[in-house]
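A structural walkthrough
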Amino acid sequence: MEAMPPSLAHATLGLMQLLVRRPGGARRFTAHGGAAKILGLGGASAFAGRTYLCAAILRHVLESSPVHTLRNAMELEIRAAMDTLSRRQLRALQQQQGHRAQNPATARINRYRAARVPAALLISEVAPLISRDSAAFVAAASSLLRIDGDSNALTSATVLLAPQAPQAPP
């Protein structure tokens, strides 16, 4: 592939990233050999962030093939976000309580409290997923999450990971 000036490569890859977010764009990108062209960019086209843009484009292309693949990827991202937010809350609770957090009963209560993440916090954490494909996000979130019944208002609602049903052996 011909060398492209870095500024042109940056603009082109940024546009490609936007275009491949939808399944139709990703299919066209694949049909015209876009992945091979991206991987064939030479060193003269290098710029800061090129690896990130190329990886994002290829990830969108891989995820957009069947809808369930995107949903599975979103489920993993939601789980990771819940884990990150829960750990953050647990650390904050432990710092508040100081030496009392060492008590096994207190530690158990803290883990229970930390597992409940404020809905607004979760939504802000997974906003890129929602903007990517809201229908796939709703499908992934509805299979993973549940609203805590103890929450008394929508503004203070908390979200939990739903218990997983045991899978039958193959």
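Residues numbered from 1 in each chain as written. Predicted model: local features only at pLDDT ≥ 70, side-chain atom pairs only at ≥ 80, totals over all residues. Heavy atoms only, no water.

Moving on, we come to the pattern of salt bridges. Counting across every chain of the model gives three salt bridges. For Glu77, the salt bridge is made with Arg59, and the minimal N-O distance between the two is 3.0 Å. A residue pair is termed long-range when its members are at least 10 positions apart, and Glu77 in helix H5 (residues 67-97) and Arg59 in helix H4 (residues 50-63) qualify at 18 residues. Between Asp83 and Arg87 there is a salt bridge whose closest N-O contact spans 3.0 Å. Taken together, the positions of Asp83 and Arg87, both in helix H5 and four residues apart, correspond to about one turn of that helix. Judged by relative accessible area, which is 37%, Asp83 ranks as partly exposed. (Salt bridge = Lys/Arg side-chain N within 4 Å of Asp/Glu carboxyl O. Helix = DSSP H or I, 4+ residues; strand = E, 2+ residues; numbered from the N terminus. Buried < 20%, exposed > 50% of the residue type's maximum accessible area, 1.4 Å probe, protein only.)

Spatial strand order, E1-E3-E2: three strands in an open sheet with antiparallel pairing. Edge positions in the sheet fall to strand E1 (117-118) and strand E2 (145-147), since each has one partner strand and no second. In the sheet, E2 pairs with strand E3 (residues 158-161) via three bridges, with the strands oriented antiparallel. Looking at the pairing, Ile147 lines up with Val159 of E3. Those strands touched by helix H9 (residues 134-144) are E2 and E3, and its axis lies near 75 degrees from that of E2. (Pairing = 2+ DSSP bridges. Contact = heavy atoms within 4.5 Å. Axes fitted to C-alpha atoms, helices over the stretch in contact; angles between N-to-C directions.)

Structurally, Ala35 can be placed in helix H3 (residues 34-39). Residue Ala35 is classed as partly exposed on the basis of its relative accessible area, which comes to 30%. Those residues in contact with Ala35 that sit more than four places away from it in its chain are Phe29 and Leu58.

The residue Leu53 is located in helix H4 in this model. Remark: the alpha-carbon pair of Leu53 and Leu13, spanning 40 residues in sequence, is separated by 6.5 Å. Those residues in contact with Leu53 that lie beyond four places of it in its chain are His10, Leu13, Gly14, Gln17 and Phe47.

Moving on, we get to empty space enclosed by the protein. Per the stated rule, a full pass over the model turns up one cavity of 30 Å³ or more. The volume enclosed by the largest cavity comes to roughly 30 Å³. Lining the largest cavity are Arg21, Pro23, Ser64, Leu70, Arg132 and Asp133. Looking at the lining of the largest cavity, its residues break down into two nonpolar, one polar and three charged. (1 Å grid on protein atoms, 1.4 Å probe; cavity = no way out; pocket = protein on both sides within 12 Å on 5 of 7 lines; lining within 4 Å. Points joined across faces, edges and corners; volume = space filled by probe spheres on them. Nonpolar A, V, L, I, M, F, W, Y, C, P; charged D, E, K, R; others polar.)

Okay, the nonpolar core next. Counting residues in hydrophobic clusters, the biggest one holds 18 residues, and the most contacted among them are Met74, Ile78, Leu122, Phe137 and Leu145. The set of elements that each furnish at least two residues to this core consists of H5, helix H7 (119-125) and H9. With six residues, H5 is the largest single contributor of residues to this core. With sequence-adjacent residues up to four places away left out, Leu145 is seen in contact with Ile78, Met82, Leu122, Val159, Leu160, Leu161 and Ala162. In this structure, Ala9, Leu13, Phe29 and Leu41 belong to the second largest nonpolar core, which totals 13 residues. (Core = buried A, V, L, I, M, F, W, Y, C linked by side-chain atoms within 4.5 Å.)

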